[in-house]
Structure formats: C-alpha cells, structure tokens
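Take a look at the letters that make up each chain.
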Amino acid sequence: MNIENAIVLVGCGKMGSAILEGWLGQGVSAKKLWILEPRPSDRLIELQNSGLHLNQPLPDIVDLCLLAVKPQYMKAALPQLRVLKDGSALYLSIAAGISLAALKAALGDVPVIRAMPNTPAAIAKGITALIGNNLVTKKEMDFAQSLLGSIGETVLLDSESQMDAVTALSGSGPAYVFYMIEALVAAGIKEGLPEELATRLATATLSGAGQLAVQSEKSAGQLRVDVTSPAGTTEAGLRELMDADTGLSPLMARVVRAAARRSSDLRDS
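Because the structure is a prediction, the values reported are computed rather than measured. Along each chain, residue indices are assigned from 1 in the same order as the chain's sequence is written. Confidence filtering applies because this is a predicted model: local features only for residues at pLDDT of at least 70, side-chain atom pairs given and counted only at 80 or more, and all residues used for totals across whole chains, interfaces and linings. No hydrogens and no water enter the side-chain calculation; it runs on all heavy atoms of the structure.

Novice: Any chance you could explain the overall build of the protein here in plain terms?
Specialist: A tally of helices and strands in the protein yields 11 helices and eight strands. In terms of its C-alpha atoms, the protein occupies a principal-axis envelope of roughly 70 × 40 × 35 Å. Three exposure classes are used, based on accessible area relative to the maximum for each residue type with a 1.4 Å probe and protein chains only: buried under 20%, partly exposed in between, and exposed over 50%. Among the 269 residues that make up the protein, the fraction classed as buried is 38%. In what follows, residue pairs with any heavy atoms lying within 4.5 Å of each other are defined as contacts. In the protein, the share of contacts with a sequence separation of at least 24, taken over all contacts with a separation of at least 6, comes to 57%. Secondary structure elements follow DSSP: runs of H or I no shorter than four residues count as helices, runs of E no shorter than two count as strands, and numbering proceeds from the N terminus.

Here it is in structure tokens:
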C-alpha cells in the first residue's frame, strides 16, 4: 500500500489498533505513521523502535488523518489538529454519531469521510460503510477504501441518513452475534451438555454458518430451507424462532431500532 507522505491516527483504542495492524500488515511503513494516544499500549511503545511517531509534533504534509477517538472525546482531540488545517489532509472519522456537518464546523472546509467499521476488523474480517462530504474526490474515496480494505470489506452509502441504521446493524451487530453464542451455550448446558462442549459447538456453528452464507450463492433464506427437513428437529426449533410475535425477527427489529435511535441521539446531542 503506497503512502506518499504520512498518516495521522488520533486515538488508538481497540478499533484504532485493529486498523493500525491492518495497515502494517499491508506494508505501510511505521515511519509514515503518527499516533496521538494519551494512554499508549505496550504495542505502540514497541513500534517506536520501527520508526512509528508516538505523541510527537505532526508533520507538515499529511495524506490522511483518521479520527478514531470515542465520540465524547472528539471535542478535546480536534484542537490538536489545527496545524493540519491547510487543506492538504483527507479526514476520516469512525466516531459514531458525529455528523459530517459537525466535523465541518470543527475542521473547516476540508474533505471529510465518515466511516463505520466493526470489531471483526481485528482479524481483517470487518466491514466498513463510508460516506463523504461534497469536497471528497473519487480519488480520495478510493484511497480511503484501500486503507480500510486492509481490515475487511467496504461499502459506500447513498446518503449520510443511512449511517444510523448501519451503526445499529453492522457496527453493533457483532455484539448481537456474541450474545447469541452465549444464549446457545446456555441452552445447550440446560439440555445437559458440559459448558466447554456447548461453547465449542455454538461458536463453531455460528462461525461455519456465517462463512457458508458468505461463500454461497444462495440467499440466507434458501440456506435455511436446505437444512430444514420436514417434521425434523430443525423445523421444530425454527417454529419457535420464527414465531411472528415472539420469534427472532420481531426481536431483531426492536434491537436494531433501539440501537439506531441511540445513534441518532448521539448525533443530535
């Protein structure tokens, strides 16, 4: 991955660290990376030996500035970037709920992209949705997608109004899957399985089914039908799971709606 000048990463928590490791894995030189992080990990301190710039004065010319701080810390972080307000840098924010308008008010008339990655980025299996303001060129968007492509797939949104739903679905979605694993484990234990075995079965089942859904040309609905024998065990379980009132579909609709509303509240606060 070719970085002509430098990348600034503001905030290097779990998601920032995942993105950083993705970049390094794609061949970005640590010497071209400037990290601003008040509580640096041992990994960041170690990377200084490879030339990474940790909490040092920012360079004169920057290709990209990634804002990876939590939303509540954004106002405190942005003043550190005043030296970059010369229009040379592309800004990329992964902070939930902070709109392009709010970023423009803080940064001025500069190209800004909002992105929503998710935690499977840590193993390069994430998916990131992006939307840019009217100053972002196609070349800049392609550049952002190439950088975020190191941690998984990327998709472009039609409008910023879709970001709340994206945050609720894919941004928060891994937590829903993890909780489903927990629920399956608990159900298995209740039916007499030891915890270790139930955990292994549940985790491998969700992982394998997810990979099958990704790799198959069939829809998720058809894959479900394929594994459901008439009057069999799967059908008996699905009868509960697909109940129109108490099943998974109405529950997930409420889950995603609640998360989307919270994303909207963060944006408006």
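Novice: So what exactly am I meant to see when it comes to the packing of helix H7 (residues 173-190) against helix H8 (residues 195-215) here?
Specialist: The relative placement of two packed helices is expressed as an angle between their axes plus a distance between the axes. Contact pair H7 / H8: the axes reach a minimum separation of 8 Å and the direction vectors enclose 140 degrees. The pairing of H7 with H8 is recorded here as oblique in orientation. Regarding H7 and H8, the two cross each other, and that crossing is right-handed. In this structure, H7 uses Val177, Met180, Ile181, Leu184, Val185 and Ile189 to contact H8, whose residues at the interface are Glu195, Ala198, Thr199, Ala202, Thr203 and Leu206. Only Asp, Glu, Lys and Arg are considered charged, only Ala, Val, Leu, Ile, Met, Phe, Trp, Tyr, Cys and Pro nonpolar, and every remaining residue, Gly among them, polar. Per-class residue counts for the contact of H7 with H8 are nine nonpolar, two polar and one charged. In this analysis, axes come from line fits to C-alpha atoms, helices being fitted only over the stretch in contact, and the angle between any two N-to-C directions falls in the range 0 to 180 degrees. Should an angle lie under 35 degrees it is considered roughly parallel, over 145 roughly antiparallel, and from 65 to 115 roughly perpendicular; all remaining angles are considered oblique. Take the far helix as your reference; a near helix turned counterclockwise from it by less than a right angle gives a left-handed crossing, and one turned clockwise gives a right-handed crossing.

Novice: How should H7 be read in this particular structure?
Specialist: Residues spaced three or four apart along an α-helix face the same direction, because each turn holds 3.6 residues. A helix is expected to span 1.5 Å for every residue after the first. Over its 18 residues, H7 runs 26 Å from end to end, which matches the ideal 26 Å to within 8%, given 1.5 Å per residue. Of all the positions in H7, only Gly173, Pro174, Ile181, Val185 and Gly188 are classed as buried. Buried residues of H7, seen end-on, are gathered within an arc of 130 degrees and therefore sit on one face of the element. Exposed side chains of H7 directed beyond 90 degrees from the buried face belong to Tyr179, Glu182 and Lys190. Residues of H7 that are buried in the fold lie against helix H6 (163-171) and H8. Immediately beyond the C-terminal end of H7, within one or two residues, lies glycine 192, with a positive phi of roughly 110 degrees. Directions pointing from the helix axis toward each C-beta atom define the arc.

Novice: Just to check I follow, could you spell out the layout of surface pockets for this structure?
Specialist: Buriedness of a pocket was judged along seven lines, with at least five required to meet protein on both sides within 12 Å; pockets are open sets of points on a 1 Å grid over the protein atoms alone, cavities are sets where a 1.4 Å probe fits but cannot get out, and lining residues have an atom within 4 Å of a point. Grid points are joined across faces, edges and corners, and a volume is the space filled by probe spheres set on the points. Space inside the second largest pocket adds up to approximately 960 Å³. Surrounding the second largest pocket, 34 residues form its lining, Met15, Ala68, Val69, Lys70 and Pro71 being those nearest its centre. Secondary structure elements with two or more residues in the lining of the second largest pocket: helix H1 (14-25), helix H3 (74-77), H6 and H7. Residue contributions to the lining of the second largest pocket peak at three residues, all from H7. Broken down by class, the residue content of the lining of the second largest pocket amounts to 20 nonpolar, 10 polar and four charged.

Novice: Looking at this structure, how should I read the sheet that holds strand E1 (residues 7-10)?
Specialist: Two orientations exist for strands paired in a sheet by backbone hydrogen bonds: parallel and antiparallel. At least two bridges found by DSSP between two strands is the condition for calling them paired. In spatial order, the strands read E3-E2-E1-E4-E5-E6-E7-E8; together these eight strands make up an open sheet with mixed pairing. Of all the strands in the sheet, the pair left with one neighbour each is strand E3 (53-54) and strand E8 (152-156). Here two bridges tie strand E2 (residues 33-36) to E3, and the two strands are oriented parallel to one another. Note on E3: the bridge partner recorded for isoleucine 35 is leucine 54. Here H1 sits on the sheet and contacts E1, E2 and strand E4 (64-67); the angle it forms with E2, its principal contact strand, is near 170 degrees.

Novice: Explanation requested: the side chain of serine 150 in the structure shown.
Specialist: Mapping serine 150 onto the fold places it in the loop between helix H5 (138-148) and E8. Accessibility expressed as a relative area gives 8% for serine 150, which makes it buried. Nitrogen and oxygen atoms within 3.5 Å of one another constitute a polar contact, given that in protein one can donate a hydrogen and the other can accept it, and given that sequence-neighbouring residues count only through two side-chain atoms. Separated by 2.7 Å, the side chain of serine 150 and the backbone oxygen of leucine 147 make a polar contact.

Novice: Would you take a moment to explain the pattern of salt bridges for this structure?
Specialist: Opposite charge on two side chains permits them to pair, given that their charged atoms come into close proximity. Note on definitions: salt bridges are taken to be side-chain nitrogens of Lys or Arg within 4 Å of carboxyl oxygens of Asp or Glu. Tallying each qualifying case throughout the model produces seven salt bridges. As a salt-bridge pair, glutamate 160 and arginine 114 come within 2.9 Å of each other at their nearest N and O atoms. One end of the pair, glutamate 160, is in the loop between E8 and H6; the other, arginine 114, is in strand E6 (residues 112-116), and 46 residues separate them in sequence. By relative accessible area, glutamate 160 is classed as partly exposed at 25%.

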